Amino acid sequence: MRVVAALVLAPLTIAVAWIGGWPWACIVIAAAALLYFEWLMIVGLSGSRLAAATGIAALAVAGVCLMMRRMDLAFGIVAVGIVLAAALVRERRGWVASGLVYAAAALISAIIVRRDADIGFVALMFVLLIVWVTDIGGYFAGRGIGGPKLWPRVSPKKTWAGAIGGLVLSLVIAAGFALLGFGKMLPLLLLGTVLSIVSQFGDLFESAVKRRFDVKDSSHIIPGHGGLLDRLDGFVAAIVFAALIGFMRGGLDGVGRGFMVW
């Protein structure tokens, strides 16, 4: 089931990413909403319907504002949503706020990276493929080689061999992009290295949150994989990193180029 789910979801994600525009924005908004709701499930607040609805509405409206190139409105709506959602619960308000910040960061980053008309799709695919092969390499190297654990208290199954295996595969992907003419070899190899490490930290971060609340999976929405948050934890960290670097170097309309072209 794990393999079948991946074979269905990966091509679908790539197809919608290639189309871009509103189709990509819609799928990103839906994913961000589910990330936020699964976060509430992990921290034991999924029954707080008003907080859930407020956060989801803020994410949806912010996504629309981003597509209309109103970054200021998007940030303002997210900020108001965070305050309102946290005020609507009696406990764990910091966890509610942090969950909405997490989902909003994923939403904003995924949209502005792809929105680059010149190289947005390439930049998005670079991030996606690095995260995917890091996960795949980590799984097979970890299972096949084993050895010392990476952080046993947080994630008992992850090993140093898995981390290195995922990193090696990410370098192969980065080299492939360079050979195809999408950037210079050395910068892309460095970016691939950093993205792989960042995605693994994103995975460990989500594992630490689940460990804090004694939860195994964020949900069971994806057969064989658990929840969407379980699958996108590394991607969220990587795409936020890519968006920050791209924005600082290329501005709001050149995030993809700012990240990929050095």
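Presented here is a report on the structure given in the accompanying data block. Note that this is a predicted model, so its numbers are computed, not measured.

1. Here we look at the packing of aromatic side chains
For any pair of aromatic rings, the description consists of the separation of the ring centres together with the inter-plane angle of the planes. This structure, assessed with the given rule, holds 8 aromatic pairs. For the ring pair Trp39 and Tyr102, a centre distance of 5.4 Å and an interplane angle of 35° mean the geometry is tilted. Of the two residues, Trp39 sits in helix α2 (residues 21-42) while Tyr102 sits in helix α5 (residues 93-114), which places them 63 residues apart along the sequence. Using a relative accessible area of 12% as the deciding quantity, one classes Tyr102 as buried. Members of the aromatic cluster, each reached through a chain of ring pairs, are Trp39, Trp95, Tyr102, Phe205 and Phe213.

2. A few points about the pairing of strand β2 (residues 155-159)
As judged from the 2 bridges shared by strand β1 (residues 149-151) and β2, these two strands associate in the antiparallel manner. In the strand pairing of β2, Trp151 is matched with Ser155. Counting the residues in the hairpin turn of β1 and β2 gives 3 residues.

3. A few points about the packing of helix α6 (residues 120-145) against helix α8 (residues 185-212)
Following both chains from N to C, one finds α6 and α8 inclined at 60°, their axes separated by 9 Å at the closest point. By the criterion of interaxial angle, the relationship of α6 to α8 is oblique. Handedness of the crossing formed by α6 with α8: right-handed. Each of Phe126, Val127, Ile130, Val131 and Thr134 in α6 lies in contact with α8, whose residues at this interface are Leu188, Leu191, Gly192, Leu195, Ser196, Ser199 and Gln200. Residues belonging to the contact of α6 with α8 are distributed by class as follows: 7 nonpolar, 5 polar and no charged.

4. Quick word on the environment of Ile221
Here Ile221 shows up in the loop between α8 and α9 (228-250). Considering only alpha carbons, one finds Ile221 and Leu34, 187 residues apart in sequence, at a separation of 10.0 Å.

5. Structural notes on unusual backbone geometry
Phi angles above zero are rare outside glycine, and Arg69 is one such case at about 60°. By the secondary structure assignment, Arg69 is in the loop between α3 (49-67) and α4 (71-87). The class of Arg69 is partly exposed, set by a relative accessible area of 46%. With a phi close to 55°, Asp214 is a non-glycine residue in the positive phi region. Mapped onto the secondary structure, Asp214 falls in the loop between α8 and α9. What makes Asp214 exposed here is its relative accessible area of 73%.

6. Section: the nonpolar core
Counting residues in each nonpolar core, the largest one holds 71 residues, and the members touching the most others are Tyr36, Leu107, Phe126, Val127, Phe259 and Met260. In terms of residue count, α5 provides more of this core than any other element does, 13 residues in total. Contacts of Leu107, omitting those with residues within four sequence positions, involve Val28, Ile29, Ala32, Leu59, Ala62, Gly63 and Leu66.

What counts, and at which threshold
- Residues numbered from 1 in each chain as written.
- Predicted model: local features only at pLDDT ≥ 70, side-chain atom pairs only at ≥ 80, totals over all residues.
- Heavy atoms only, no water.
- Phe/Tyr/Trp six-rings, centres within 6.5 Å; stacked < 30°, edge-to-face > 60°.
- Helix = DSSP H or I, 4+ residues; strand = E, 2+ residues; numbered from the N terminus.
- Buried < 20%, exposed > 50% of the residue type's maximum accessible area, 1.4 Å probe, protein only.
- Pairing = 2+ DSSP bridges.
- Axes fitted to C-alpha atoms, helices over the stretch in contact; angles between N-to-C directions.
- Parallel < 35°, antiparallel > 145°, perpendicular 65-115°, else oblique.
- Left-handed = near helix turned anticlockwise from the far one by under 90°.
- Contact = heavy atoms within 4.5 Å.
- Nonpolar A, V, L, I, M, F, W, Y, C, P; charged D, E, K, R; others polar.
- Core = buried A, V, L, I, M, F, W, Y, C linked by side-chain atoms within 4.5 Å.

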